[in-house]
Amino acid sequence: MAGWFLTKYRQNGTVIWNRPFGPVATPAGLAIDAAQNVIVAGTTNYYRDGGPILVKYDPNGNVLWNKGVMAGKNPFRFTTDFAQNSAGEFFVVGSDAGAEPGEIFVAKLTANGALGWARSVPVTPVSWLFTDACLAPTAGGGVYVACNVMLARFNSAGQKLWQRPGQFVALA
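Chains are numbered independently. Their residues run from 1 in the order of the written sequence. Local features in this predicted model are restricted to residues of pLDDT 70 or higher, and side-chain atom pairs are both shown and tallied only at a pLDDT of 80 or more, whereas totals for entire chains, interfaces and linings draw on every residue. Water and hydrogen atoms were dropped before computing side-chain values, which therefore reflect all heavy atoms in the structure.

1. Regarding the overall build of the chain
- Check the secondary structure of the chain and you find zero helices and 14 strands.
- The linear arrangement of helices and strands in the chain, starting from the amino end, is β-β-β-β-β-β-β-β-β-β-β-β-β-β.
- The buried share among the 172 residues of the chain stands at 45%.
- Any two residues whose heavy atoms approach within 4.5 Å at even a single point are treated as in contact. Pairs at least 24 residues apart make up 39% of the contacts formed inside the chain by residues separated by at least 6 positions. Elements are defined by DSSP. Helices are runs of H or I of four residues or more, strands are runs of E of two residues or more, and each kind is numbered from the N terminus. Categorising residues by exposure relies on relative accessible area from a 1.4 Å probe, with only protein chains included: less than 20% of the type maximum marks a residue as buried, more than 50% marks it as exposed, and the intermediate range marks it as partly exposed.

2. A few points about the nonpolar core
- Nonpolar cores are built from buried Ala, Val, Leu, Ile, Met, Phe, Trp, Tyr and Cys residues. Side-chain atoms within 4.5 Å join them into one set. Ranked by size, the top nonpolar core spans 17 residues in total, and within it Ile 104, Val 143, Val 145, Met 150 and Phe 154 carry the most contacts.
- Of all hydrophobic cores here, the second largest spans 12 residues; its members include Ala 41, Leu 54, Trp 65 and Phe 82.

3. So, unusual backbone geometry
- One non-glycine residue, Gln 36, adopts positive backbone phi at about 70 degrees.
- Structurally, Gln 36 is set in the loop between strand S3 (26–32) and strand S4 (38–44).

4. Here we look at the pattern of salt bridges
- In the sections that follow, a salt bridge refers to a side-chain nitrogen of Lys or Arg positioned within 4 Å of a carboxyl oxygen of Asp or Glu. Counted by the stated rule, this structure contains two salt bridges.
- A salt bridge links Glu 89 to Lys 108; the nearest nitrogen and oxygen atoms lie 3.5 Å apart. With Glu 89 in the loop between strand S7 (77–84) and strand S8 (90–96) and Lys 108 in strand S9 (residues 102–109), this pair connects stretches of sequence that are 19 residues apart.

5. Examining the packing of aromatic side chains
- Under the pairing criterion, centres of Phe, Tyr and Trp rings, with the six-membered ring standing for Trp, must be within 6.5 Å; the plane angle then separates stacked pairs below 30 degrees from edge-to-face pairs above 60, leaving the rest tilted. One pass over the full model with this rule turns up five aromatic pairs.
- Ring geometry for Phe 82 and Phe 90: centres 5.9 Å apart, planes at 20 degrees, overall stacked.
- Note on Phe 82: relative accessible area 9%, which makes it buried.
- Between Trp 117 and Phe 154, the aromatic rings sit 5.8 Å apart at their centres with planes inclined by 25 degrees, giving stacked as the arrangement. Highlighted residues: Trp 117 in strand S10 (residues 115–123) and Phe 154 in strand S13 (residues 150–154), separated in sequence by 37 residues. Of the two residues, Trp 117 and Phe 154, both sit in the buried class.
- What links up through ring pairs into an aromatic cluster is the set Trp 65, Phe 82 and Phe 90.

6. A short note on the environment of Ala 146
- In this fold, Ala 146 is placed in strand S12 (residues 143–147).
- Residue Ala 146 is classed as buried on the basis of its relative accessible area of 1%.
- Distance in space between the C-alpha atoms of Ala 146 and Leu 135 is 6.2 Å, their sequence separation being 11 residues.

Nothing here speaks to function; it is geometry throughout.
Take a look at the structure:
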């Protein structure tokens, strides 16, 4: 099988099923929810008008939904991190290499894939471009977002509570 694919295995290592990531060209992460559905986050066609996307598969590998996140605004927007909080909501973060000054984006989706909110955050200096942005959900539905030049916190409604400059590379 060529390209990216998702495979489910039995505990003994035998394959149950294989599925192409279809439309995900570059995966950024995956999660398994309480119902054993698999959610994959990534970027579609990074160099060709693609953008961030989430795809949710049922336990049998059938696509339940796929959702573009802010796709079409810039052909150089790509996903760098993804997380699911305890309420089943999804957060996606990434960078926008085509923006001047640089930007990162962060979006929150419901457990059913509906867009809750999406925000762009200008970041300077632009030298951070093509570096990873990461995130960590907070209790109460908010999220921390970091890249190598700043750290920000958003509440559950997507309001930026604060942003601080600094050298941040990971959130735990």
